[in-house]
Amino acid sequence: MRRAALLTAVAVLVTACGSGDTSTVVGRADNGKLTIGIRYDQPGLSQKRLDGRYVGFDVDVARYVANELGVKDSGVTFKEARGAARETLLQNGEADLIIASYSITDARKEKVAFAGPYFETGQGMLVRFTEQSIQGPETLNGRKLCSVKGSTSAQKVKSDHAQGVQIVEYGQYSDCVIALMAGNVDAVTTDEVILAGFAAENPELLKLVGKPFSKERYGIGVPKGDTKSRDAVNQAIEKMISSGEWKRALERNVGPSGYEIPQPPQITEKS
């Protein structure tokens, strides 16, 4: 009986030390740690700088949400989440959340769940500053268009606007921008807010053209079936918006590029 009592006491102690249900994101957050997938190559949104710092609007959203779930900045581990790998990171448990300019689509919702959206933008076009003939997606027939692997942006241009466009894919948006400046591609397409960051970094070499021609809704990727965590993340997004920190984070990170700060979106991804 003494042995049984001892085992019971140990079990109670272990439970008290790690009370979180590790099958959910909010449960793992109870232990004070979260791994969040972000992009490393999007100025203004999400960037890993040479000094190792992580900066950008998505980074601020990630830290705010984590803090609302009870995880301090020191307990957040950032992991690179390139376009094609985002679902895999969640499905394999390598990341607890994905906050990486992650557009909500029906195809992706078959594999992961989304909270949000926390931001809305539209697809745009980036070209060399001296470019005159490309003024929108319909002017891309016979030209080379760059986007990243796993992104839907270039395919939208090809299917809806210019069937004769040649698509070139790279692993990161920064690779596309380098190819554009080198003359290896003629345009880069993705969400306008992302392109605005690159244009702001290279105003004498790059420019945005045309008007946004799609609607992209950025969501926070959550493991499929984890509705409790999705609800908690939605509450964090709503609090960030209502507190004014959402707007301040955008003004701080994206405002200097001249990008017009939009109105906050309505949360639609609910249980």
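Report on the accompanying structure. Since this is a predicted model, take the numbers as computed values, not measurements.

1. A few points about the environment of V254
Mapped onto the secondary structure, V254 falls in the segment after α10 (245-253). A sequence separation of 44 residues divides V254 from G210, and the C-alpha atoms of the two residues are 19 Å apart. Among all residues touching V254, those that are not within four sequence positions of it are G44, V193 and Y259.

2. Some details on the pairing of strand β8 (residues 123-128)
Among the six residues in β8, six count as buried, and that is most of the element. With four bridges connecting them, β8 and strand β11 (residues 187-191) associate as antiparallel partners. Opposite L126, over in β11, you have V188 as the bridge partner. In the sheet, β8 pairs with strand β12 (residues 206-209) via four bridges, with the strands oriented antiparallel.

3. Quick notes on helix α3 (residues 57-68)
If you check α3, its first and last C-alpha atoms are 17 Å apart, about what twelve residues at 1.5 Å a residue would give, namely 16 Å. Most of α3 is tucked away: nine of the twelve residues are buried. Those residues of α3 lying buried are F57, D58, V59, D60, V61, A62, Y64, V65 and A66. One or two residues past the end of α3 sits G70, with phi positive at roughly 95 degrees.

4. Digging into a nonpolar patch on the surface
A contiguous nonpolar patch, built from I178, M181 and L205 and spanning about 280 Å² of accessible area, is present on the exposed surface. If you trace the backbone, I178 turns up in helix α7 (residues 173-182).

Conventions we followed
- Residues numbered from 1 in each chain as written.
- Predicted model: local features only at pLDDT ≥ 70, side-chain atom pairs only at ≥ 80, totals over all residues.
- Heavy atoms only, no water.
- Helix = DSSP H or I, 4+ residues; strand = E, 2+ residues; numbered from the N terminus.
- Contact = heavy atoms within 4.5 Å.
- Buried < 20%, exposed > 50% of the residue type's maximum accessible area, 1.4 Å probe, protein only.
- Pairing = 2+ DSSP bridges.
- Expected span 1.5 Å × (residues − 1).
- Patch = residues over 30% accessible without salt bridge, like charges linked within 9 Å, V, L, I, M, F, W, Y side chains within 5 Å.
- Areas by Shrake-Rupley, 256 points an atom, 1.4 Å probe, with all protein chains shown as cover.
- Salt bridge = Lys/Arg side-chain N within 4 Å of Asp/Glu carboxyl O.

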